[in-house]
Amino acid sequence: MSEDATLADLLRESRRFPPPAAFARAANVTADVYRDAERDPLGFWAGTAERLSWARRWDRVLEWQPPFATWFVGGRLNVAENCVDRHVAAGRGDRVAFHWEGEPGDTRTVTYADLHRQVCQAANALTDLGVRTGDRVAIYLPMIPETVVAMLACARIGAPHTVVFGGFSAEALRGRIQDCDARVVVTADGGYRRGAPSGLKVHVDAALKECPQVRNVLVVRRTGQDVDWVAGRDRWWHEEVDRQPAEHTAAAFPSEHPLFVLYTSGTTAKPKGILHTTGGYLAFVAWTHWAVFDLKPDTDVYWCTADVGWVTGHSYTVYGPLANGATSVLYEGTPDTPHRGRWWELVEKYRVSILYTAPTAIRSFMKWGEDIPREFDLSSLRLLGTVGEPINPEAWVWYREHIGGARCPIVDTWWQTETGGILISPLPGVHDGKPGSASRPLPGVAAEIYDEGGRQLPRRNAAGYLVLTEPWPGMMRTIWGDDQRYRETYWSRFPGVYFAGDGAKWDDDGDIWLLGRVDDVMNISGHRISTTEVESALVSHPGVAEAAVVGAPDPTTGQGIVAFVIPRAGGEDTAGEDVVRRLREHVSAQIGPIAKPRQILVVPELPKTRSGKIMRRLLRDVAEHRELGDVTTLTDSSVMDLIRQRLPDPRHGDAE
Ligand code: PRX
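Keep in mind that this is a model prediction, so the values were computed, not measured.

What counts and how
- Residues numbered from 1 in each chain as written.
- Predicted model: local features only at pLDDT ≥ 70, side-chain atom pairs only at ≥ 80, totals over all residues.
- Heavy atoms only, no water.
- Salt bridge = Lys/Arg side-chain N within 4 Å of Asp/Glu carboxyl O.
- Helix = DSSP H or I, 4+ residues; strand = E, 2+ residues; numbered from the N terminus.
- Buried < 20%, exposed > 50% of the residue type's maximum accessible area, 1.4 Å probe, protein only.
- UniProt positions renumbered as here; feature names shortened; annotations may be inferred.
- Pairing = 2+ DSSP bridges.
- Axes fitted to C-alpha atoms, helices over the stretch in contact; angles between N-to-C directions.
- Contact = heavy atoms within 4.5 Å.
- Near = heavy atom within 4 Å.
- Polar contact = N/O pair within 3.5 Å; in protein donor to acceptor, adjacent residues only side chain to side chain.
- Areas by Shrake-Rupley, 256 points an atom, 1.4 Å probe, with all protein chains shown as cover.
- Domains from an automatic or database assignment.
- Arc of directions from axis to C-beta.
- Buried area = accessible area lost by both parts, 1.4 Å probe.
- Core = buried A, V, L, I, M, F, W, Y, C linked by side-chain atoms within 4.5 Å.
- Phe/Tyr/Trp six-rings, centres within 6.5 Å; stacked < 30°, edge-to-face > 60°.
- Lys NZ or Arg CZ within 6 Å of the ring centre and 35° of its normal.

Here the focus is the pattern of salt bridges. Applying the stated criterion to the full structure yields 50 salt bridges. Of the charged contacts in the structure, one is a salt bridge between aspartate 371 and arginine 374, with a shortest N-O distance of 2.8 Å. Placement of both aspartate 371 and arginine 374 in helix 15 (residues 371–374) is noted, with a separation of three residues, approximately one turn of the helix. By relative accessible area, which is 56% here, arginine 374 ends up exposed. Taking the shortest distance from any N to any O, the salt bridge between glutamate 448 and arginine 459 comes out at 2.4 Å. With glutamate 448 in strand 21 (residues 447–450) and arginine 459 in the loop between strand 21 and strand 22 (462–468), the pair connects residues that are 11 residues apart, well separated along the chain. Residue glutamate 448 is classed as buried on the basis of its relative accessible area of 5%. Several salt bridges share partner residues, and in doing so they unite Arg16, Lys434, Arg440, Asp507, Asp509 and Asp511 into one network.

What follows is the structure, encoded as structure tokens:
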């Protein structure tokens, strides 16, 4: 748990921002919902499921055999029908589902009727390619409408998808395809990133060299760049999908049918395939999206800036908003291409009213200066959200003033890939905004803070480990193919309760503050990366004998990756600048550019205990420029002096 000075600052924060009276009066959810949910939690969750359309109603709300939950037992439904067909059937086919904007400035408007046609066609095409209910489909695409269409088409035919973020390497893609045994991959020739086309198909080709079970690759033409082609295996989307009939009769699947597997980093080198299922997940993301963002589907324009490759994109760009019939913005590119006002230009252009983004983006905007957003008309905004990491009060206040015009409530939403949707957040019409605090568990959510020994702490002025003591419909069901790891990772630290891996604190008002991860997981720009994953990428390089990785505070990305490596004796030359560059490239090729270490130090030794365990705490102290703790258990304490001399201070502009 982070114990630095910023934590003390956070806890001294005393500013309060009550919701504007008109906002509170019109809010979707009021304070009495907490009481109702507490009195009858299962009745409350049944109410969230009633917002969906079911082909067969459930017999029982919950069957709970810890740690395995079955929600809405006996119920059957189709996710795509809930996200698309029922809105068209209700006469809202002309409503815009997505205002899509490509990075180069090309645009597409996708109505619910368009989405219906495209999802039916894609479902027919996947069926033609032999995809059957239960088969896995990997999706490796940029942020284009086809990505959403592909996800919904999979959901429609009951083929669980695994979306792999387009920034992941061929190697990372290969591991995920193999782990869930996907038979079809949907990709594009490439996507636009920072003003230039960058290849995706090329990575799929490399990954598939070791995935003989993949029968077909469906390729969207996005950039027009040259691609290699494997006859028979590779098919163009526009040839396979566009010729299909625009109708498709959807089957209803059991409530617990697998909807998707999404990989996330844990404390080992092997990412975990988080499994989410159908009924509980959809009910949960739809309700939380409606409640936390106070969505008024007839009038709001909602924009979640997360890439669909992350859980935020799954739950709050695709499934939650579409289940609620929302109109959203979908943007392909980065915030600074072609200029640093790009997001604000889009808010002005589409009259965005709800904006959901990450603290790391907000800190970049702060760095670029408030003059940039000031040039645009942001008066359409009425609610702001953040997710992915703790937001420092200064960034919160900057967001409120310079983006929200000092009138928009902010929802700081805590959740995880595993939780499926938001668990801790203020409700915007109920709670005062408190910069840096994620406020309260949502209605029906049983969050507590435990001490080291597993005792529940009082809900005032106490810090410890965040746990969930009751199941909720959006919870992960297991780790794909590994029930045992699911049990061990989440349910054994404190037997019978879900251990989130985050430190947290109740303040004097009974509000929750998140204090960062308590395990070996780093949070880089809101992305989870495990120290062991980066270490094993480094030691897979022939020049590296040993590696240790720690996360160090970073003013923009939250944490930065700092690696210490011992060169292999007699290996290739590991002296000088060049090796650092080569190792960074190597990590990028193994995992993806997001995992490139900010700093790599070539060291002669790593600090170890007499039993040979690497003392990460000391490395963290060095990386954070703190006074070293106790070094007496080190085999050779001069190691630390050597390491310390080699680590330049990032606050003084070190590039590597
Ligand atoms: O440490 C918490 C942090 O992000 C982790 C979950 O990461 P991931 O599964 O990638 O999902 C990110 C988007 C939901 C958590 O364990 N985290 C997420 N939201 C917050 C946060 N930390 C503090 N405040 C938040 N609002």
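The positions that UniProt labels "domain: AMP-dependent synthetase/ligase" (unreviewed entry) are, in the present scheme, residues 87–480. Helix makes up 30% of residues 87–480 and strand 22%, whereas the separation of the span's terminal C-alpha atoms amounts to 32 Å.

Pairing in this open sheet of seven strands is mixed, and the strands run 5-4-17-16-18-19-20 from one edge to the other. The open sheet terminates on both sides in strands that have one partner only, identified here as strand 5 (107–111) and strand 20 (410–413). For this sheet, the mean angle separating the axes of adjacent strands, direction not counted, is 20°. Pairing analysis gives four bridges linking strand 4 (residues 96–101) to strand 17 (residues 328–331), with the strands arranged parallel. When the sheet's bridge partners are listed, phenylalanine 98 is paired in strand 17 with serine 328. Lying over the sheet, helix 6 (residues 112–128) contacts strand 4 and strand 5, oriented at roughly 90° with respect to strand 5. Set on the sheet, helix 7 (residues 145–157) makes contact with strand 4, strand 5 and strand 17; between it and strand 5 the angle comes to about 30°.

Before going further, it helps to examine the site of the ligand. Around the ligand, a shell composed of 16 residues is seen, among which Asp412, Thr413, Thr417, Asp502 and Arg528 lie nearest. In the environment of the ligand, a nitrogen atom lies 2.7 Å from a nitrogen or oxygen atom belonging to the backbone of threonine 413. Residue threonine 417 places a side-chain N or O atom 2.6 Å away from an oxygen atom belonging to the ligand. For the ligand, whose accessible area on its own is 540 Å², the fraction buried by protein is 95%. Of all the elements in the fold, those that place two or more residues in the shell around the ligand are strand 20 and strand 25 (512–517). Each of two domains, domain 1 (9–492) and domain 2 (515–652), supplies a minimum of three residues to the shell around the ligand.

Note that the residue after proline 66, namely proline 67, is joined by a cis bond; omega there is 0°. Relative to the elements of secondary structure, proline 67 occurs in the loop between strand 1 (60–65) and strand 2 (68–73). A cis geometry characterises the amide bond from threonine 337 onward to proline 338, with omega recorded as 0°. Its place among the elements puts proline 338 in the loop between strand 17 and helix 13 (342–350). The phi dihedral of asparagine 461 falls on the positive side, at around 50°, and the residue is not glycine. If you check the backbone angles, serine 525 has positive phi at about 50° while not being a glycine.

Turning to the UniProt feature "binding site: CoA" (unreviewed entry) in the protein chain, a few remarks are in order. The positions that UniProt labels "binding site: CoA" (unreviewed entry) are, in the present scheme, Arg193, Arg194, Gly195, Ala196, Thr312 and Ser525. Separation in sequence by 333 residues is matched in space for these annotated residues, since their most distant C-alpha atoms are 25.4 Å apart. Its place among the elements puts glycine 195 in the loop between strand 9 (190–193) and strand 10 (196–199). We classify glycine 195 as exposed; its relative accessible area is 56%. Each residue touching glycine 195, except ones within four places of it in the same chain, is listed here: Glu103 and Thr337. Here serine 525 lies in the loop between strand 26 (521–524) and strand 27 (527–530). Those residues in contact with serine 525, other than ones at most four positions away along the chain, are Thr360, Glu389 and Thr557. Reaching out from serine 525, the side chain makes a polar contact with the side chain of threonine 360 at a distance of 3.5 Å.

Those residues of helix 9 (residues 201–208) that fall on the buried side of the exposure criterion are Lys201, Val204, Asp205, Ala207 and Leu208. Down the axis of helix 9, the smallest arc covering the buried residues is 165°, so these residues share one side.

Along its sequence, the protein chain is carved into domain 1 (9–492) and domain 2 (515–652). Distance from the C-alpha centre of domain 1 to the C-alpha centre of domain 2: 32 Å. At the interface, 26 residues of domain 1 touch 28 residues of domain 2. Of the roughly 1900 Å² buried where domain 1 meets domain 2, counting both sides, 51% is carbon and sulfur surface.

Before going further, it helps to spend a moment on the nonpolar core. Counting 163 residues, the largest nonpolar core has Phe293, Tyr319, Leu322 and Leu538 as the members making the most contacts within it. When residues no more than four places from it in sequence are discounted, the contact partners of leucine 322 are Asn82, Cys83, His87, Ala97, Phe98, Tyr112, Leu115, Val148 and Leu152. Within the second largest apolar cluster, 29 residues are counted, among which are Phe376, Ile391, Val397 and Cys408.

Here we come to helix 16 (residues 393–403). The buried count for helix 16 comes to eight of 11 residues, which makes it a mostly enclosed element. Listed in full, the buried residues belonging to helix 16 are Pro393, Ala395, Trp396, Val397, Trp398, Tyr399, Arg400 and Ile403. One or two steps after helix 16, the chain reaches glycine 405, where phi turns positive at roughly 55°.

Within a sheet, adjacent strands bond to each other through the backbone by hydrogen bonds, running parallel or antiparallel. Reading across from one edge, 21-22-24-25 is the order of the four strands in this open sheet, with antiparallel pairing throughout. Two strands in the sheet have a free side with no partner beyond their single neighbour: strand 21 and strand 25. Across this sheet, the average inter-strand angle for adjacent strands is 45°, counted without regard to direction. Sheet topology note: the strand 21/strand 22 ladder contains four bridges and is antiparallel.

Counted under the stated rule, the structure contains 38 aromatic pairs. On the basis of an interplanar angle of 35° and a centroid distance of 4.8 Å, the ring pair of phenylalanine 165 and tryptophan 310 is categorised as tilted. With phenylalanine 165 in the loop between strand 7 (161–163) and helix 8 (170–180) and tryptophan 310 in the loop between strand 16 (302–304) and helix 12 (311–323), this residue pair connects regions lying 145 residues apart in the sequence. Tryptophan 310 carries the same exposure label as phenylalanine 165, and that label is buried. Ring centres of tryptophan 229 and tryptophan 236 lie 4.6 Å apart, and the angle between their planes is 20°; on these two criteria the pair is classed as stacked. Using a relative accessible area of 14% as the deciding quantity, one classes tryptophan 236 as buried. Three or more aromatic residues joined by ring pairs make a cluster, and in this case those are Phe44, Trp45, Trp54, Trp58, Trp71, Phe72, Phe284 and Trp287. The ring of tryptophan 100 has arginine 108 lying over it, and the distance from NZ or CZ to the ring centre is 5.7 Å. Arginine 493 extends its terminal NZ or CZ atom over the ring of tyrosine 465, reaching a point 5.1 Å from the ring centre.

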